[in-house]
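Listed here are the chains, written in short residue letters.
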Amino acid sequence: MAKRNEEFVTHLADRSEDFSQWYTDLVLKTDLADYSPVRGCMVIKPYGYGIWENIQHELDARFKATGHKNAYFPMFIPESLLNKEAEHVEGFAPEVLWVTKGGNEELAERLVVRPTSETIICSMYSKWVQSYRDLPLLYNQWCNVVRWEKTTRPFLRSAEFLWQEGHTIHATREEAEEETQRMLKVYAEFCENVLAMPVVSGVKTKNEKFAGAEDTYSIEALMQDGKALQAGTSHFLGQHFSKVFDIKFLDKDSQLKYCWQTSWGVSTRLIGGLIMVHADERGLVLPPKVAPEQVHIIPIAMHKGGVLEKATELYDALKAAGIRVVLNDDDSQSPGYKFNDCEMKGIPVRLELGPRDIESSKCVLVRRDTMEKIDVSLDNIAQTVLTLLDDIQSNMLKKALKHREEHTFVAKDRKEFDEALEKKGFVKAMWCGCPECEAKIKEETGATIRNIPFEQENVSDKCVYCGKEAKHMVYIARAY
Ligand SMILES: [Zn+2]
């Protein structure tokens, strides 16, 4: 068995040579997901789905704490509804999947499988809202969406994916703008504290904003290969949709007014981000807060008297402390095989326990983030493990932050910009604000303006592309 696992590990592509293959190998070989018979659609296996459930759990608590409620809307949208908002339909039309038949009969009106739910939710909001007393409506839904993309990759871009979409309506512009910012902050805090994934928060350029939004805000993370990943977005929709869908309310001043609106979402893409920020040449490295299994207990010389009993005792103690723990007592696998399995799957801590350890009332903890081995006493083992999990969590964020700092470059002119792009990472540069410069940068280098960060610095006075007077500092990178 051990031999089979060695082969298993060596089949992980060398990530310095082929990052993309390394990524795919990880997804498939650690049992996160598999390809399905439907083109571009993936099956999320229990280990991958376990990560998603933890993401959901953490985010859902944050949504509820900020006053949101969950609801569910149909996955089918009548064509006439989608067509109501011109910019929105234009943005999504190329990747919309149509339903045209029910049984053997052509449908009277074609249906779209939701690529996002603004239109169907707006049609309901217009029914539900009459007075300022009905506002705000702060709803979220957890669901799947379909975008029929040509090129797909597990978690990063698939024809069907899971996400949450928040849709809120408010009485005033200020309230809606505040909500847009609030949810972006929730996402940023979640990414840093739960996924150990540092992000840059800012506003998208007009060119890159969501179809139908007034402003789109994003959080952008840097992957280990130097490419950026848009990890979440929050849109200020203004009154575009409320005017089209006639969402009006009678205000305190007895005036009939249009509502102000937001929408925001994150998806299973975050799992792709987790992999590309933390995993290494040995396999996944999962932050304890989302790891489906936080500790594996591996008994050594399991058949010897007392080992399995003691291991079970430790298992009970860890479980009682709320730790997600697995006791791997499969006697068809060698300890070496189990160690490799832990490393591949990114289990934050493995606990090794043998007869000699038991004699001296200790065990060995191996942390996945640094591979450090620590001898610890069996007294208060649950507390020791909890402290270690916290330390792993914060160390992973520190490590990711360090990587981002080391791969963020400043470019003052075109020459420096080309050199910075070569080094792979975020490029901080000034931009004149003109869409032509933005388009040229994309056309000539394949890199895009990720966002205009809230934290502005004046790295130069001139646009990195045209040399004219600069308006903003932007983050530019090649992206997923
Ligand atoms: Zn320019």
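Heads up: the structure comes first, above all this text.
Predicted model only: the values in this text are computed from it and were never measured.

> Could you give me a rundown of the overall build of the protein, with the residues and numbers involved?
When you go through the protein residue by residue, the secondary structure sums to 15 helices and 23 strands. Taken over C-alpha atoms, the radius of gyration comes to 25 Å for the protein, in line with the 23 Å a tight globule of 480 residues would show. Each of the three principal axes of the protein carries a C-alpha extent, and together these read 80 × 55 × 50 Å. Pairs at least 24 apart in sequence give 69% of the contacts found in the protein among residues at least 6 apart. When the 62 basic and 74 acidic side-chain charges of the protein are each reduced to a single mean position, those positions are 2 Å apart.

> Please provide a residue-by-residue account of the layout of surface pockets, values included.
Empty space within the largest pocket amounts to approximately 1,100 Å³. Every element with two or more residues in the lining of the largest pocket is listed here: α5 (86-92), β8 (160-170), β11 (228-238), β14 (260-267) and β22 (448-453). Residue classes in the lining of the largest pocket are distributed as 12 nonpolar, 14 polar and 12 charged.

> Help me get a handle on the coordination of the zinc ion, residues and values and all.
Donor atoms from the polypeptide that bind the zinc ion are Cys432 (SG), Cys437 (SG), Cys463 (SG) and Cys466 (SG), placed at 2.3 to 2.4 Å. Spacing between the donor residues of the zinc ion along their common chain follows C-x4-C-x25-C-x2-C. Here Cys437 is found in helix α15 (residues 435-445), whereas its partner Cys466 is found in the loop between β22 and β23 (472-477), with 29 residues between them in sequence. Of the residues examined, Cys437 reaches a relative accessible area of 5% and is grouped as buried. According to the relative accessible area criterion, Cys466 is partly exposed, its value standing at 33%.

> Account for the environment of Ala479, naming residues and giving values.
You can see Ala479 is positioned in the segment after β23. What Ala479 contacts, discounting residues up to four positions off in sequence, is Lys227, Ala228, Thr448 and Arg450.

> Kindly report on the packing of helix α3 (residues 46-65) against helix α7 (residues 173-193), identifying the contributing residues and their values.
At their nearest, the axes of α3 and α7 sit 11 Å apart, and the two run at 145 degrees to each other. Crossing angle aside, the handedness with which α3 passes α7 is right-handed. When α3 is examined against α7, the residues Ile55, Glu58, Leu59, Arg62 and Phe63 are found in contact with a partner set consisting of Met183, Val186, Tyr187, Glu189 and Phe190. The class makeup of the residues in the contact of α3 with α7 is 7 nonpolar, no polar and 3 charged.

> Could you give me a rundown of the packing of aromatic side chains, with the residues and numbers involved?
Remark: the centre distance and the inter-plane angle together describe each pair of aromatic rings, the angle taken between the planes. Enumeration according to the criterion identifies 15 aromatic pairs in this entry. Residues Phe92 and Phe210 carry aromatic rings whose centres are separated by 5.8 Å and whose planes lie at 65 degrees to one another, so their mutual orientation is edge-to-face. Separated by 118 residues along the polypeptide, Phe92 in helix α5 and Phe210 in the loop between β9 (200-203) and β10 (215-222) bring together distant segments of the chain. By relative accessible area, which is 12% here, Phe210 ends up buried.

Conventions adopted
Here, residues in each chain are numbered from 1, in the same order as that chain's written sequence. Where local features are concerned, this predicted model is filtered to residues with pLDDT of at least 70; where side-chain atom pairs are given and counted, the filter is 80 or more; whole-chain, interface and lining totals use all residues. The basis for every side-chain value is the complete set of heavy atoms in the structure, and neither hydrogens nor water enter the calculation. Helix and strand definitions here come from DSSP, where helices need a minimum of 4 consecutive H or I residues and strands a minimum of 2 consecutive E residues; each element is numbered from the N-terminal end. Restricting the calculation to C-alpha atoms gives the radius of gyration, and the globule rule supplies 2.2 Å times the number of residues raised to the power 0.38. A contact between two residues is defined here by any heavy atoms of the two lying within 4.5 Å. When charges are counted, Lys and Arg contribute as positive and Asp and Glu as negative, whereas His and the chain ends are disregarded. Taken as the charge location is NZ of Lys, CZ of Arg, CG of Asp or CD of Glu. Throughout, the protein atoms alone are placed on a 1 Å grid, and a set of points is a cavity if a 1.4 Å probe fits but cannot get out or a pocket if it is open with protein on both sides within 12 Å along at least five of seven lines; lining residues have an atom within 4 Å of a point. Grid points are joined across faces, edges and corners, and a volume is the space filled by probe spheres set on the points. Under the scheme applied, nonpolar residues are Ala, Val, Leu, Ile, Met, Phe, Trp, Tyr, Cys and Pro; charged residues are Asp, Glu, Lys and Arg; polar residues are all the others, including Gly. Coordination partners: N, O, S within 2.8 Å of the metal, 3.2 Å for Na, K and Ca; water not considered, so apparent gaps in a site are possible. Using a 1.4 Å probe on the protein chains alone, a residue whose accessible area is under 20% of its type maximum counts as buried, one over 50% counts as exposed, and one in between counts as partly exposed. Throughout, an axis means a line fitted to C-alpha atoms (over the contacting stretch in the case of helices), and angles, computed between N-to-C directions, take values from 0 to 180 degrees. Left-handed is the label given to a crossing in which the near helix is rotated counterclockwise from the far helix by less than a right angle, and right-handed is the label when the rotation is clockwise. Only centres within 6.5 Å qualify two rings of Phe, Tyr or Trp (six-membered ring in Trp) as a pair; their planes then separate them into stacked at under 30 degrees, edge-to-face at over 60, and tilted for everything else.

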